[in-house]
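Chain and residue survey
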Amino acid sequence: MVFGQVVIGPPGSGKTTYCNGMSQFLKLIGRKVAVINLDPANDALPYECAANIEDLIKLSDVMLEHSLGPNGGLVYCMDYLEKNIDWLESKLRPLKDHYFLFDFPGQVELFFLHSNAKNVISKLIKKLNLRLTAVHLVDAHLCSDPGKYVSALLLSLTTMLHLELPHINVLSKIDLIESYGKLAFNLEFYTDVEDLSYLQNLLDQDPRSAKYRKLTKELCEVVQDFGLVSFTTLAIQALFQDKESVGNLVKLIDKSNGYIFSGIEGSIIEFSKIAAAPLDWDYYRYPLIIYFAVQFSSSLLAQLEDFRLSSIK
C-alpha cells in the first residue's frame, strides 16, 4: 500500500506552501516524499517535483488554443489528465516506496461540481493501491467574516461528500489570524462547528445579509444536520517555530488513511525524532490491543468448535 495526501482548497489558501512545508516536515521524520504538481497554472514551484502536469499540458497553451478563460481551461486540463491517466501512472509507479503529496488546482468547482478530479483520484487509487486523505485548506481570515465563514462551511461539506475520501478540514495561516481583526467568538467556536445559531445575530447586524436571514439559517442547519464539518488549525509557514500544529495534523492524517496501522513501530520512531508534541493518541497501546484481540478471537473460535463437536456427538 502507498499512502499520501490530496491537497485541495480555494485559491490563496496556501496549498503550494503547504506541500512545500509538509514535504520538509515528513523528510525530517524520515519519510521518503514525492510531491506531484497537478495544477497546470502553477509555474513557480518552491518544491522539487516528482511529477508535473505541465510536462503533459499547460493552462496557457489550452487558453490560447481553445479561446478559454482560466476556469474553463482548468476543467479542460483535468479532463485531459483523466483521459491520459496512464501518463501519470507511469510517473508514479517507480515511486511506490514514497509518501505522495498531490498539489491540486484551486478551482473549487473541480471538487464539488465536476467529476474529472474525482475520477483521476479514483483511478490512481485503484491502479496503484493508494491510501489517500483529502486535506482541505481554508484561509483562517474567513473566520472574521460570518458570511464568508458559512460559505467555507458549505464548501467543506460539499467537497467532503463529493470526493468520498477520508477528509480533514484545515484552517490555514492560523499564525496570521490576529492580523485579520478580532474574532467575534473564541477559536474553538470556529474549529468545532457546534452551534451556528450564534452567527445569525452577527449576520442580522449586517444590512447586506439581513435580507437573506432565512436562507442563511437554512444553510447553517444543513451543515449542522450532517455533523461532518470541523477544522484543525495549521501554521505551515511557521514550520520551524510551530512544529506542534504540523505534527498534530500529520497524526490526524496518519489515523485517517491508515498509515499508522501499516507500521506502528516505525511511526513511533518517526515522531520521537523531533518530539513535535505530546502524543494525544497512544501509539504504544495498539500492539497490545491487537495481541489481546487475536488471543480473544482464538479462544472464542476454540470454544465454538468444541460446542460444535459436542452437539454432533
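The structure we're discussing is the one just above.
This is a predicted model, so every value here is computed, not measured. (Residues numbered from 1 in each chain as written. Predicted model: local features only at pLDDT ≥ 70, side-chain atom pairs only at ≥ 80, totals over all residues. Heavy atoms only, no water.)

A short note on a negative patch on the surface
To be explicit about the condition: Each patch is built from residues that are more than 30% exposed by relative accessible area and take part in no salt bridge. Like charges join if they lie within 9 Å; nonpolar side chains (Val, Leu, Ile, Met, Phe, Trp, Tyr) join within 5 Å. Calculation of accessible area relied on Shrake-Rupley with a 1.4 Å probe; when residues are assessed, cover is drawn exclusively from the protein chains displayed. Between Lys or Arg on one side and Asp or Glu on the other, a salt bridge is scored when a side-chain nitrogen of the former is within 4 Å of a carboxyl oxygen of the latter. Charged residues are defined here as Lys and Arg on the positive side and Asp and Glu on the negative side; His and the ends of the chain fall outside this count. Here the site of a charge means atom NZ of a Lys, CZ of an Arg, CG of an Asp or CD of a Glu. Think of it this way: any DSSP run of H or I at least four residues long counts as a helix, any run of E at least two long counts as a strand, and we number them from the N terminus.
Residues E188, D192, E194 and D195 make up a contiguous surface patch of negative charge. Here E188 shows up in helix α8 (residues 187–192).

A few points about the side chain of D139
Short version of the rule: By the convention used here, residues are in contact when the closest approach between their heavy atoms is within 4.5 Å.
Position of D139 relative to the elements: it lies in strand β5 (residues 130–139). Setting aside chain neighbours within four positions, we find D139 in contact with G12, S13, S172, K173 and Y180.

Structural notes on the nonpolar core
Threshold: By nonpolar core is meant a set of buried Ala, Val, Leu, Ile, Met, Phe, Trp, Tyr and Cys residues that side-chain atoms within 4.5 Å join together. To sort residues, take the accessible area from a 1.4 Å probe on protein chains only and compare it with the maximum for the residue type: under 20% means buried, over 50% means exposed, and anything in between is partly exposed.
Counting residues in each nonpolar core, the largest one holds 36 residues, and the members touching the most others are I36, L88, F100, F102, F104 and L124. Discounting chain neighbours no more than four positions away, the residues touching I36 are A51, L88, L92, F100, L101, F102 and D103. Listed in part, the 24 residues of the second largest apolar core include I29, L101, I236 and L249.

Remarks on the pairing of strand β1 (residues 2–8)
Let me state the cut-off plainly: Strands qualify as paired when DSSP identifies two bridges or more between them.
Of all seven residues making up β1, seven are buried, and the element is well covered by its neighbours. The two faces of β1 match: V2, G4, V6 and I8 on one face and F3, Q5 and V7 on the other face are all buried. Pairing between β1 and β5: seven bridges, direction parallel. If you follow V2 over to β5, its bridge partner there is L130. Two elements, β1 and strand β4 (residues 99–103), share four bridges in a ladder whose sense is parallel.

What to know about the packing of aromatic side chains
Put simply, the test is: The criterion for an aromatic pair is that two Phe, Tyr or Trp rings (for Trp, the six-membered ring) have centres within 6.5 Å, with stacked assigned to planes under 30 degrees apart, edge-to-face to planes over 60 apart and tilted to the rest. The rule is short: NZ of Lys or CZ of Arg within 6 Å of the ring centre and within 35 degrees of the ring normal puts a charge over the ring.
Applying the stated criterion across every chain, the model contains 10 aromatic pairs. Between F100 and F102 the ring centres are 5.8 Å apart and the planes differ by 75°, which places this aromatic pair in the edge-to-face class. We note that F100, like F102, is buried. Ring geometry for F104 against F111: centres 5.6 Å apart, planes inclined by 80°, an arrangement best described as edge-to-face. Across the pair, exposure class does not vary: F104 and F111 are buried alike. Members of the aromatic cluster, connected to one another through ring pairs, are Y149, F185, F189, Y190 and Y198. Across the ring face of Y259, the terminal group of R31 is positioned such that the distance to the ring centre comes to 3.9 Å.

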